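Architecture at a glance
What follows is the residue order along each chain.
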Amino acid sequence: MTPRGWAVVVFGVLAVALAVAVLVLVPLHRPPAPRADQVAALRTLPADQVAAGRAFHSALRPAGYGSLLIGLVIALALGLTPLGARLIEAVGRPFGGNWVAQAILGGIVVVLVADLLTLPFAAWRHIILVRYELSTQGWGGWLVDLLKGYAVSAVIGVVALLGFYAITHFAPRWWWAWGAAGAAALVVLMSFVLPVLVEPVFNRFTPMADGPLRTELIQLARTDGVPVRDVLVADASRRTRQVNAYVSGLGPTRRIVVYDTLLTEAAPPEVVSVVAHELGHAKDRDVLTGTLIGALGAALGVVALFLLGGWTSLLRAAGVTSIAEPRAFALLLAVAAVVGVVASPAQALLSRHTEARADAHALALTQDPMTFEAMQARLSSVNLGDPDPPRWEYLYAASHPSTVERMAAARAYARGER
Ligand SMILES: [Zn+2]
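Every residue gets a number counted from 1 within its own chain, in the order that chain's sequence is written. Only residues with pLDDT of at least 70 get local features here, since the model is predicted, and only at 80 or more are side-chain atom pairs given and counted; chain-wide, interface and lining totals rely on the full set of residues. Side-chain figures throughout are based on the complete set of non-hydrogen atoms in the structure, without hydrogens or water.

Quick word on the pattern of salt bridges
Here, a salt bridge means any side-chain nitrogen of Lys or Arg that lies within 4 Å of a carboxyl oxygen of Asp or Glu. Tallied over the entire structure, the rule returns 20 salt bridges. The salt bridge partner of D386 is R54, with a shortest N-O separation of 3.2 Å. Highlighted residues: D386 in the loop between helix 15 (369-382) and helix 16 (391-397) and R54 in helix 3 (residues 47-79), separated in sequence by 332 residues. Working definition: with a 1.4 Å probe on protein chains only, accessible area under 20% of the residue-type maximum means buried, over 50% means exposed, and in between means partly exposed. In this structure R54 comes out as partly exposed when scored by relative accessible area, which is 34%. Between R357 and D286 there is a salt bridge; the shortest N-O distance is 2.8 Å. Linking R357 in helix 14 (residues 329-366) with D286 in helix 12 (residues 286-308), this pair joins segments that are 71 residues apart in sequence. Take R357: its relative accessible area is 17%, and that puts it in the buried class. Taking relative accessible area as the criterion, D286 reaches 12% and is therefore assigned buried. Numbering of helices and strands starts at the N terminus; helices are DSSP runs of H or I of at least 4 residues and strands are runs of E of at least 2.

What about the coordination of the zinc ion?
Each metal's donors comprise the N, O and S atoms found within 2.8 Å of it (within 3.2 Å for Na, K or Ca). Water is not part of the atom list, so some coordination spheres may appear incomplete. Donor atoms from the polypeptide that bind the zinc ion are H277 (NE2), H281 (NE2) and E355 (OE), placed at 2.0 to 2.1 Å. Positions of the donor residues of the zinc ion along the chain correspond to the pattern H-x3-H-x73-E. Here H277 is found in helix 11 (residues 268-283), whereas its partner E355 is found in helix 14, with 78 residues between them in sequence. Since its relative accessible area comes to 10%, E355 is described here as buried.

Side note on the side chain of Q376
Relative to the helices and strands, Q376 is located in helix 15. We call two residues in contact whenever any of their non-hydrogen atoms come within 4.5 Å of each other. Sequence-distant contacts of Q376, that is, excluding residues within four places in its chain, are made with D359, T403, R406 and M407.

Quick word on the packing of helix 5 (residues 99-131) against helix 14
At a closest axis distance of 10 Å, the pairing of helix 5 and helix 14 adopts a crossing angle of 45°. The pairing of helix 5 with helix 14 is recorded here as oblique in orientation. Helix 14 is crossed by helix 5, and the crossing has right-handed handedness. In this structure, helix 5 contributes G107, V110 and V111 to the contact, and helix 14 contributes F329, A330 and L333. Grouping the constituent residues of the contact of helix 5 with helix 14 by class yields five nonpolar, one polar and no charged. All axes are obtained by fitting lines to C-alpha atoms, using only the stretch in contact for helices, and the reported angles, taken between N-to-C directions, cover 0 to 180 degrees. For classification purposes, an angle smaller than 35 degrees is called roughly parallel, one larger than 145 roughly antiparallel, one from 65 to 115 roughly perpendicular, and anything else oblique. Helix crossings are classified by the rotation of the near helix relative to the far one: an anticlockwise turn of less than a right angle makes the crossing left-handed, while a clockwise turn makes it right-handed. Only Asp, Glu, Lys and Arg are considered charged, only Ala, Val, Leu, Ile, Met, Phe, Trp, Tyr, Cys and Pro nonpolar, and every remaining residue, Gly among them, polar.

Considerations on the packing of helix 3 against helix 14
For the pair helix 3 and helix 14, interaxial distance at closest approach is 7 Å and the crossing angle is 145°. Considering only the axes of helix 3 and helix 14, their crossing is left-handed. Contacts between helix 3 and helix 14 involve L72, A75, L76, L78 and G79 from the former and A330, L331, L333, A334, A337, V338 and V341 from the latter. A per-class count over the contact of helix 3 with helix 14 returns 11 nonpolar, one polar and no charged.

Brief notes about the nonpolar core
Judged by nonpolar contacts, the single largest core of 42 residues is most densely connected at Y165, W175, V303, I323, F329 and L332. Looking at this core element by element, the count peaks at 10 residues for helix 12. When neighbours within four sequence positions are excluded, F329 is seen to be in contact with I88, G107, V110, V111, L161 and Y165. Joining through side-chain atoms within 4.5 Å is the link that ties buried Ala, Val, Leu, Ile, Met, Phe, Trp, Tyr and Cys residues into a set, and such a set is a nonpolar core.

Focus on the packing of aromatic side chains
Paired rings are identified among Phe, Tyr and Trp, the last through its six-membered ring, by centres lying within 6.5 Å, and are further divided according to the angle between planes into stacked (under 30 degrees), edge-to-face (over 60) and tilted (the rest). Evaluation of the coordinates by the stated rule reveals 11 aromatic pairs. Arranged with centres 5.8 Å apart and planes meeting at 45°, the rings of Y65 and W392 form a pair that is tilted. Of this pair, Y65 sits in helix 3 while W392 is found in helix 16, placing the two residues 327 residues apart along the sequence. Look at F164 and W175: their rings are 5.6 Å apart centre to centre, the planes differ by 85°, and that puts the pair in the edge-to-face class.

Considering helix 17 (residues 403-414)
Taking 1.5 Å per residue, 12 residues should reach 16 Å; helix 17 reaches 17 Å between its end C-alpha atoms and fits that length. Counting buried positions along helix 17 yields nine of 12 residues, so the element is predominantly enclosed. Within helix 17 the residues assigned to the buried category are T403, V404, E405, R406, M407, A408, A410, A412 and Y413. Two residues or fewer past helix 17, G416 is found with a positive phi of approximately 95°. For a helix, the expected span equals 1.5 Å multiplied by the number of residues minus one.

In structure tokens:
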């Protein structure tokens, strides 16, 4: 069988494995709480809070969707015309058209062009966050975070670009097989190593001061069967007023992280409720599931790219002879941009179901639906959330159930519906 024949077989196997992983590991069967409960929950929220959340999201939309649209247009303009290939060629020319220079410098320049052209939208977003008093950062802090983000992306980008084009260079017939394995390995590495390395770049973490709350959280984790090493407080307040918490690390390195803003904004029982939700993610191994699905998706993407490389009119449009050459990187980004837009609703759907399961876990662990509901109302208020967002936006991008859905889930739980 030819490499192409094998690629078709592997593509089929990976697609089936991905579908099975999603169906088995993601709790898609869980129906949302009754709409009647959601409407009743919405009525209990202060009207001015709901109005403020809606106004904030209306203000954000032009910047958000503008950025999405312009990013897509730039990716298509560079990738589906010879523009991107010429840019990469020009960047590599001072180095004699060396493939390494084209791969690394050309790749970074193409990404940078797209980043710089969408930068005004990021600044616009920051202006709105400041206007609504969610961001506590000035332009200096914002810029420092932006540059840190670029630096982190550049390091990962260089590893990925050099790795990928070394494979296509040295294994021209079988690069898709090595590339698929490499992409999957990179997803695993990013998922487990990156939080530990990257989180400290943006935040400082200090152990939570000894006291009843710390004792209760550690006890809660032990009761739940997911012991944690420590409870850390992140200094998120120097950037935002928004509140959050998460569990990171695996096994012996597992720790609970709460934003310092959560501790100042929420009552201790509500913090317990938030942490109980996060413990649900740990208990159900949601990070592991996400990593597995991401790794299968990445491997599938590389094989799909190889098969797409047989589409000669696409290559001709991009001004390249092979999809595996560094000059075709802009074409890769264009394909990735289109896939990203199309896959976003599916990703959001999987995420929402996973989050709903963590909510159910929190309710069962704390057996305190009243506090859970109060906590949801508080999160929405502090984070200027739209408690009941427009359906189209919810379906396209919502990573969590809406606030009214989560409040309604607590009401259903209180009635004994599990
Ligand atoms: Zn969650």
